[in-house]
Amino acid sequence: MTFFDFHTHHSLLKRSIHNLAEQEDPKPDSYFSVGIHPWNLNEEWEKEFVRVKEFSSLSNCLAIGESGFDRLWGPDLDLQRKVFYEHAKLAYELQIPLILHLVKGHDLLLEYLKSEVRVPQIIWHGFNLKSHMAEQVLDFPISFSFGKAILKSDSNASHWLKKCPIDRVFFETDDSQLSIDSIYKSASVILQLSEEELTLQVRNNWNKISSRKIE
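Overview of the structure. (Residues numbered from 1 in each chain as written. Predicted model: local features only at pLDDT ≥ 70, side-chain atom pairs only at ≥ 80, totals over all residues. Heavy atoms only, no water.)

1. Here we look at the sheet that holds strand 2 (residues 16-19)
Part 1: Pairing is parallel across the open sheet formed by eight strands, whose spatial order is 1-2-3-4-5-6-7-8. Two strands close off the open sheet at either side, each with one partner strand: strand 1 (5-8) and strand 8 (169-171). Here the strands of the sheet are splayed against their neighbours by 30° on average, with no regard to which way each runs.
Part 2: Direction of pairing for strand 4 (residues 61-70) relative to strand 5 (residues 98-103): parallel, over a ladder of six bridges. Pairing of Ile 64 across the sheet is with Leu 98, part of strand 5.
Part 3: The strands that helix 2 (residues 77-94) touches are strand 4 and strand 5; relative to strand 4, the one it contacts most, it runs at about 160°.
Part 4: Against the sheet, helix 6 (residues 180-191) makes contact with strand 1, strand 7 (142-146) and strand 8, and its axis sits at roughly 145° relative to strand 8, the strand it touches most. (Pairing = 2+ DSSP bridges. Helix = DSSP H or I, 4+ residues; strand = E, 2+ residues; numbered from the N terminus. Axes fitted to C-alpha atoms, helices over the stretch in contact; angles between N-to-C directions. Contact = heavy atoms within 4.5 Å.)

2. Comments concerning unusual backbone geometry
Part 1: Each neighbour pair has its own omega, and for Gly 65 with Glu 66 the value is 15°, a cis peptide bond.
Part 2: Residue placement: Glu 66 occurs in strand 4.
Part 3: Positive phi values are uncommon outside glycine, yet Gln 95 reaches one of about 60°.
Part 4: If you trace the backbone, Gln 95 turns up in the loop between helix 2 and strand 5.

Right, here's the structure in full:
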């Protein structure tokens, strides 16, 4: 069985969305996402955003990002806010999801969601916070991507996965060396669904929220 990896910095397998690194060009036979990570932001961001827009027009670009807010490693919050809003606008125009990076920026996310009308589908990647923080955004078009944290049964991610609406669930390896198979197997146990059911569910989840489909 082939499991889809919705966010990875390593795999270039067809059944994955590879997050492009800076200066990296997409491979024509692989799915990818493109954006400016908060860690890489500077005052010259508009030059890099030209590249983001160019690559986002390709049919194998399935998502915008990572983009978001990071109070620990990111630059000035006004800059982070401005650039995130531009990424979100692009994702909305293309009707493809935005991959959200969020570190100690929950208030900034809520500020955006409550102030904007044209909000794209957002996938909060690597979610591993308290369940109540996820519940606060359920009124908005936000899904959750779960990674290595669900291998620990007592993690925040595992607790939220049990409660999360099943049509908002995705899975990822991110920057780990784990196989995506191990993530799905853990999720299968947590959700008490067969791996086949889970694979079909997440594929349908994606195709409901994106103009660029997967099979």
